[in-house]
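Read off the chains here:
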Amino acid sequence: MRDIGIIGLGAMGLACANAARAAGASVIGFEQFSLGHSSGSSHGETRMIRRIYSEGAAFMPLLDRSFDLWAKLESASGEPLMQTTGGLDIGPTDSAFMREARASAGQSGHRHVAMDAATANDVWPALQLPDNFSVLHAPESAVLQSDMANAVMARLAIADGAELHDECPVVSVETTGDHFLIQTATDTHAVRRVINAAGPWGSRFSTEMDAALTIERQVACYFDGPPDEVPPFQRVLEDGRRIYTQPAADPGRWKLGLYGHRGQTGPEYRNTSEVDDEDRRILTDCVKAVLPDCPPPDRFEICRFTNTNDAHFIIDRAPEKPGMVNVAACSGHGYKFAPAVGEAAVALALDLPPLVDLTPFTLARQTKL
Ligand SMILES: Cc1cc2nc3c(=O)[nH]c(=O)nc-3n(C[C@H](O)[C@H](O)[C@H](O)COP(=O)(O)OP(=O)(O)OC[C@H]3O[C@@H](n4cnc5c(N)ncnc54)[C@H](O)[C@@H]3O)c2cc1C
């Protein structure tokens, strides 16, 4: 019997597999699609890891731990997983977003530079910001080669003794009181503890999460980026919508998306959909709004967010199944935390004290909202 069974091998499941091996636990993991597939939330070449966190100070311990663990994964694999690019938070100076970013920067103790629009436009002419905007520059923010990192996490976990099965959907999880039976189409696997890292499908295995999770259809676009060294940025537009940008894998190429995109939410968006003219129009307008001199996007990609009610993650025991740990760390900003989330989830599964305070990440918090 394995110590831990993991449902789902996206970024969080793969990080849990590595953390379980690092804790000396035997582990088996299941993925319904092929490893590295593009039907979940962890594909798409790159992800940002920001040093200053406008989502709030509650995330900082998990973020600090993540920077350390990504560096460890990089040296363990010898692969260039993380490149320091710097990062910008941009918005109307008196907006809640910029106030939160400034407050979080002040509390973080990490290097940052606050700039008014005129100064930022001098340094990065491609931004062309209106006078009432300001910028917070975090020089230590970085880009993660996420497709490469997912492959590395799988490779290292297997090399370290994890048993990972892809194209092997979990059909059901039954508890027998002191252990679990994970049922796939062909086999039954007995495990002592279960980690539910099924992302957009998470509430299938822990119905308590139904009220806490919303699946959002996302589309990202790719385009030839600005000539000068503009750091990747997230920016609040005049109408309050927020876009995110990051370098893509190929030099000079950029990626952009819009939080909330078309407000399309529901379980039906677990499944892949077609990019349509409306998606292209919205994202083309976004590129024009934030990088007016860049050419329009020439590639579009479907993805999905698994949103909680307040964008805080769920890293918590399943109330209805003691011995199962739920991991729903997305809301469009979870990837950067994967190694630390994996470590924390495994600690919960093995009844060990987590290294970071998980009280901001309980299920109860979400169901109360
Ligand atoms: C376009 C886009 C841009 C983003 N940018 C950033 C960023 O810059 N920085 C950042 O930090 N975060 C970012 N994110 C968020 C981040 O990518 C997600 O938080 C993260 O990938 C979530 O990982 P996950 O493992 O929970 O989900 P997933 O990758 O969806 O993994 C869940 C897995 O469970 C599997 N599964 C489900 N049901 C079963 C079953 N029955 N049996 C077996 N397997 C099953 C699924 O197939 C899937 O592979 C972005 C997300 C998107 C979509």
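Here we summarise the structure given alongside this text.

**As for the nonpolar core**
- Residues Ile 4, Ile 6, Leu 62, Trp 70, Ile 195 and Ile 315 are the most contacted members of the largest nonpolar core, which totals 55 residues.
- At the level of secondary structure, the elements contributing two or more residues to this core comprise β1 (2–7), α1 (11–22), α2 (60–77), β8 (142–144), α5 (146–159), β19 (324–328) and α7 (338–349).
- When sequence neighbours within four positions are dropped, the list of residues in contact with Ile 195 reads Ile 4, Gly 5, Ile 6, Ile 7, Cys 16, Val 325, Val 327, Ala 345, Val 346 and Ala 349.

**Here's the deal with empty space enclosed by the protein**
- Taken as a whole and assessed by the stated rule, the structure comprises 1 cavity of 30 Å³ or more.
- Here the largest cavity is characterised by a volume of approximately 30 Å³.
- Lining the largest cavity, in full, are Leu 62, Arg 65, Ala 340, Glu 343, Ala 344, Pro 354, Leu 355 and Val 356.
- Elements represented by at least two residues in the lining of the largest cavity include exactly α2 and α7.
- Considering every element that reaches the lining of the largest cavity, the biggest residue donor is α7, with 3 residues.
- Classifying every residue of the lining of the largest cavity gives 6 nonpolar, no polar and 2 charged.

**Topic: the packing of α2 against α5**
- The contact between α2 and α5 brings their axes to 11 Å, and the two run at 70°. Considering their axes alone, α2 and α5 lie roughly perpendicular with respect to each other. Read as a crossing pair, α2 and α5 show a hand that is left-handed. Of the residues in α5, those in contact with Trp 70, Leu 73, Ala 76 and Ser 77 of α2 are Ala 149, Val 152, Met 153, Arg 155 and Leu 156.

**Some points on the site of the ligand**
- As a matter of local geometry, the ligand sits amid 35 residues, with Glu 31, His 37, Ser 42, Met 48 and Cys 303 nearest to it.
- Here Val 170 contributes a backbone N or O atom positioned 2.8 Å from a nitrogen atom of the ligand.
- The backbone of Gly 332 places a nitrogen or oxygen atom 3.5 Å from a nitrogen atom of the ligand.
- Considering the ligand on its own, with 1000 Å² of exposed area, one finds that the protein chains cover 98% of that surface.
- Put simply, the parts of the chain that give the shell around the ligand at least two residues each are α1, β3 (47–49), β15 (242–247) and β17 (299–307).
- Looking at side-chain class alone, the shell around the ligand contains 18 nonpolar, 12 polar and 5 charged residues.
- Split by domain, the shell around the ligand shows at least three residues from each of two domains, domain 1 (2–47 + 146–210 + 310–368) and domain 2 (87–139 + 214–307).

The rules behind the values
Residues numbered from 1 in each chain as written. Predicted model: local features only at pLDDT ≥ 70, side-chain atom pairs only at ≥ 80, totals over all residues. Heavy atoms only, no water. Core = buried A, V, L, I, M, F, W, Y, C linked by side-chain atoms within 4.5 Å. Buried < 20%, exposed > 50% of the residue type's maximum accessible area, 1.4 Å probe, protein only. Helix = DSSP H or I, 4+ residues; strand = E, 2+ residues; numbered from the N terminus. Contact = heavy atoms within 4.5 Å. 1 Å grid on protein atoms, 1.4 Å probe; cavity = no way out; pocket = protein on both sides within 12 Å on 5 of 7 lines; lining within 4 Å. Points joined across faces, edges and corners; volume = space filled by probe spheres on them. Nonpolar A, V, L, I, M, F, W, Y, C, P; charged D, E, K, R; others polar. Axes fitted to C-alpha atoms, helices over the stretch in contact; angles between N-to-C directions. Parallel < 35°, antiparallel > 145°, perpendicular 65-115°, else oblique. Left-handed = near helix turned anticlockwise from the far one by under 90°. Near = heavy atom within 4 Å. Polar contact = N/O pair within 3.5 Å; in protein donor to acceptor, adjacent residues only side chain to side chain. Areas by Shrake-Rupley, 256 points an atom, 1.4 Å probe, with all protein chains shown as cover. Domains from an automatic or database assignment.

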